[in-house]
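Next come the chains, spelled out residue by residue.
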Amino acid sequence: MLRTLVSASAIALAAASVSFADDGDFTWSAGYSAIEISDGGQSVDVGAVTFRGGYEFTRHFGFEGQLDVGVSDDSIIIAATPVDVELNYAASLFGIARAPVSENASLFVRAGYTAADVEASIPGVSVTSDTDGWAYGVGGEVFFDQRNGFRAGYTHHDFDSSDADVWSLSYVRRFGGGR
């Protein structure tokens, strides 16, 4: 599932950047995401470096692929035993709709699908869980000039047996000639 998701994302982003570079904007971004994963009554807070590539077909609509790579983990207590929990990765594809509020700022909503790999471990034992599900979120982007800006957002992931709430902040670099 992950290979299919990443391959489809890479092909779509490459096709968009080559075929439509004169019509819209291609963006790359990198930043940090704070992630709260909750499963029943327990929750953990982990962190990830977030890489995102996207294409705007018009000023209002586009798509983006996202890869989160876990960089910080958390511990919970289960049956008096500390369990370390970490995000290995999460890969997502989103459709995105933007509402420009000025020439260099916009608000957005997005919806898509995410596949993630989470690991829980105690000394000597490690369990990895692959999960996937729908995701949706909101946020905003502000550009300081035609090419450079930042993005803040919130996304909720509705996985099979758990949920995740993600707050992210990223640097954004715009390519193409749509603006």
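Since the structure is predicted, the reported quantities are computational estimates derived from the model, not experimental observations.

Visitor: Can you break down the overall build of the protein chain residue by residue, with the values?
Guide: Helix and strand content of the protein chain: one helix and nine strands. Mapped in sequence order, the helices and strands of the protein chain form the string α-β-β-β-β-β-β-β-β-β. For the protein chain, the accessible surface area stands at approximately 9,000 Å², while carbon and sulfur atoms represent 62% of it.

Visitor: Please set out unusual backbone geometry residue by residue, giving values where relevant.
Guide: One non-glycine residue, A80, adopts positive backbone phi at about 65°. Relative to the helices and strands, A80 is located in the loop between β4 (74-78) and β5 (81-102).

Visitor: Could you give an account of a nonpolar patch on the surface, with specific residues and numbers?
Guide: A surface patch of nonpolar side chains, about 390 Å² in accessible area, is lined by V142, F144, F150 and L169. On the secondary structure map, V142 appears in strand β7 (residues 125-143).

Visitor: Describe the environment of S33, with residues and values.
Guide: You can see S33 is positioned in strand β1 (residues 25-39). S33 sits 120 residues away from G153 along the chain, and the two C-alpha atoms are 9.2 Å apart. With near-sequence residues (within four places) excluded, S33 lies in contact with V46, G47, A48, T50, D68, V166, W167 and S168. Reaching out from S33, the side chain makes a polar contact with the side chain of T50 at a distance of 2.5 Å.

Calculation criteria
Residues numbered from 1 in each chain as written. Predicted model: local features only at pLDDT ≥ 70, side-chain atom pairs only at ≥ 80, totals over all residues. Heavy atoms only, no water. Helix = DSSP H or I, 4+ residues; strand = E, 2+ residues; numbered from the N terminus. Areas by Shrake-Rupley, 256 points an atom, 1.4 Å probe, with all protein chains shown as cover. Patch = residues over 30% accessible without salt bridge, like charges linked within 9 Å, V, L, I, M, F, W, Y side chains within 5 Å. Salt bridge = Lys/Arg side-chain N within 4 Å of Asp/Glu carboxyl O. Contact = heavy atoms within 4.5 Å. Polar contact = N/O pair within 3.5 Å; in protein donor to acceptor, adjacent residues only side chain to side chain.

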